[in-house]
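Structural overview
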Amino acid sequence: MRNEKRITILGIESSCDDTSAAVIRDRLVLSNVIANQSVHERYGGVVPELASRAHQQNIVPVVHDALKQAGVSKDELSAIAFTRGPGLLGSLLVGTSFAKGLSSALNIPLIDVNHLQAHVMAHFIKENEDDDSHPDFPFLCLLVSGGNSQIILVKSYNDMEIIGQTIDDAAGEAFDKCAKVIGLGYPGGPEVDRLAKRGNPKKFVFSKPQVAGYDYSFSGLKTSFLYFLRDNLKVDPAFIEKNREDLCASLQKTIIDILMDKLHRASKDLGIKEIAVAGGVSANTGLRDAIEKYARRYRKKVHIPKFSYTTDNAAMVAIAGYFKYLDNDFCGPDVAPYARVAI
Ligand code: KG4
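What comes next is a walk through the structure. Remember, it's a predicted structure, so these values are computed and weren't measured experimentally. (Residues numbered from 1 in each chain as written. Predicted model: local features only at pLDDT ≥ 70, side-chain atom pairs only at ≥ 80, totals over all residues. Heavy atoms only, no water.)

What to know about the site of the ligand
Let me state the cut-off plainly: The criterion for a residue being near a molecule or strand is simple. One of its heavy atoms has to lie within 4 Å of it. Nitrogen and oxygen atoms within 3.5 Å of one another constitute a polar contact, given that in protein one can donate a hydrogen and the other can accept it, and given that sequence-neighbouring residues count only through two side-chain atoms. Reported accessibility uses the Shrake-Rupley method at a 1.4 Å probe radius. Residues are deemed covered only where the shown protein chains occlude them. The helix and strand labels rest on DSSP assignments: H or I over at least four residues marks a helix, E over at least two residues marks a strand, and numbering proceeds from the N terminus. For this classification, the nonpolar set comprises Ala, Val, Leu, Ile, Met, Phe, Trp, Tyr, Cys and Pro, the charged set comprises Asp, Glu, Lys and Arg, and every other residue, Gly included, is treated as polar. Each domain's limits were defined by an automated method or a database of domain assignments.
Taken together, 18 residues form the shell around the ligand, and within it Gly-146, Asp-176, Asp-193, Gly-280 and Asn-284 come nearest. At 3.3 Å, a backbone N or O of Gly-172 approaches an oxygen atom of the ligand. Contacts to the ligand include Asp-176, whose side-chain N or O atom sits 2.6 Å from an oxygen atom. Protein contacts shield 87% of the accessible area of the ligand, which totals 550 Å² for the unbound molecule. The set of elements that each furnish at least two residues to the shell around the ligand consists of α4 (171-181) and α5 (188-196). Residues that form the shell around the ligand fall into these classes: five nonpolar, 10 polar and three charged. Structurally, the shell around the ligand is a two-domain feature, drawing no fewer than three residues from each of domain 1 (8-127 + 309-326) and domain 2 (139-305).

Structural data, given as structure tokens:
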């Protein structure tokens, strides 16, 4: 029997290299299953064709597990929400097609979700009935991941505006690419974070970009890091080995300073007191500390998501779908994914 009072959403995420399915009931997360794809590790980055194939293999067992862990039968679902984009087209097609098929078979609404909005909406997930801390509108969200670095003005659940974004690489890309040149595995962000804890953040200084407004740029930092290593390796071939922890700490500090500078400016100019952070890079412990320190200093209220909702996951897709469900904002069976899209 479908329970009409309680809204139960199955979320599906397949935009990059994580296949994920989650069940949310009235904002409470009942399950959030994520299958990571280790196949990309040996290539130092995501290989789109391999990602699509792995999604094909994972999607049925992942959805099955999500329903099982939630203790929810398919008949109890109110709607299916899926990531429509942005992301890798071949990967998105797997989740989109699966969601279409299941919604049609169950005769329930289909909801397309913008992946970037979903990252922001992760702040509204409840892990237990008493947990109701979430940002109040309007708030600024710093969305930092492997593909995006944006400052988003969030006016309501479904009304968001990008006020600043990277003009080249994303912050996560800067972490990953710099990590690669000092011999760390993929993705490099978590490794840099771990090693940075034992290093001196002031040991090395890397160049910071001069970009107008609230926009970001990280490609210059990557080049500056590369040239710095090249010059030092000429003098001492063991330079990286001897300085890995200090290199990580100094790189991480530079990225955090760049991110915080624009966020501070935006918050000051717009007079917004509530700040949230989202996306894979928000798992970074240095960034979390910097945001908390900033909040204490400038009397801001900050919202940092739990680690499990920072990287790609379907719970955030389900919660974004939940708010669209409340607005009766559904899509038709002719919906197609998109690789690129604004918010
Ligand atoms: O949001 P996300 O899972 O998906 C993509 O955008 O693909 O973000 C992944 C990014 C990667 O660049 C990864 O290195 C970075 O988030 N990341 C981190 C940390 N954990 C993940 N970067 C720095 N510190 C971390 N602890």
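Okay, back to it.
Remarks on the sheet that holds strand β4 (residues 79-85)
Threshold: Strand pairing follows a simple DSSP-based rule, namely that at least 2 bridges must link the two strands. Axis definition: a line fit to C-alpha positions, over the contact stretch in the case of helices; interaxial angles, taken between N-to-C directions, run 0 to 180 degrees. Between two residues, a contact is recorded if the distance between any of their heavy atoms is within 4.5 Å.
In space, the five strands of this open sheet follow the order β3-β2-β1-β4-β5, with mixed pairing throughout. In this open sheet, the two edge strands, each paired with only one partner strand, are β3 (28-36) and β5 (110-114). Pairwise comparison of adjacent strand axes, ignoring direction, gives a mean angle of 20° for this sheet. Bridge count between strand β1 (residues 8-13) and strand β2 (residues 18-25): six bridges; the pairing is antiparallel. Residue pairing for β2: Ile-12 is matched across the bridge by Ala-21. Set on the sheet, helix α1 (residues 48-70) makes contact with β1, β2 and β3; between it and β2 the angle comes to about 25°.

Focus: helix α9 (residues 314-326)
Each full turn of the α-helix corresponds to 3.6 residues, which orients residues three or four apart in the same direction. Inclusion rule: Expected helix span is computed as 1.5 Å times (number of residues minus one). Residue exposure (1.4 Å probe, protein chains only): buried if accessible area is under 20% of the type maximum, exposed if over 50%, otherwise partly exposed.
Its 13 residues place the ends of α9 18 Å apart at the C-alpha level, agreeing with the 18 Å of an ideal helix rising 1.5 Å per residue. For α9, the tally of buried residues reaches 12 of 13 residues, placing the bulk of the element in the interior. Against the buried residues of α9 lie β1, β2, β3, β4, β5 and α3 (115-121). The N-capping residue of α9, defined by a side-chain oxygen 3.1 Å from the backbone nitrogen of Ala-315, is Asn-313. Phi turns positive, to about 55°, at Asn-328, one or two residues after α9.

Some points on the environment of Glu-127
Tracing the sequence through the fold places Glu-127 in the loop between α3 and β6 (139-144). Through-space distance from the C-alpha of Glu-127 to that of Val-29 is 5.7 Å; in sequence the pair is 98 residues apart. Each residue touching Glu-127, except ones within four places of it in the same chain, is listed here: Leu-28, Val-29, Lys-306, Ser-308 and Tyr-309. Side chain to side chain, Glu-127 and Tyr-309 meet in a polar contact 2.8 Å long.

Just geometry here; none of it tells us what the structure is for.
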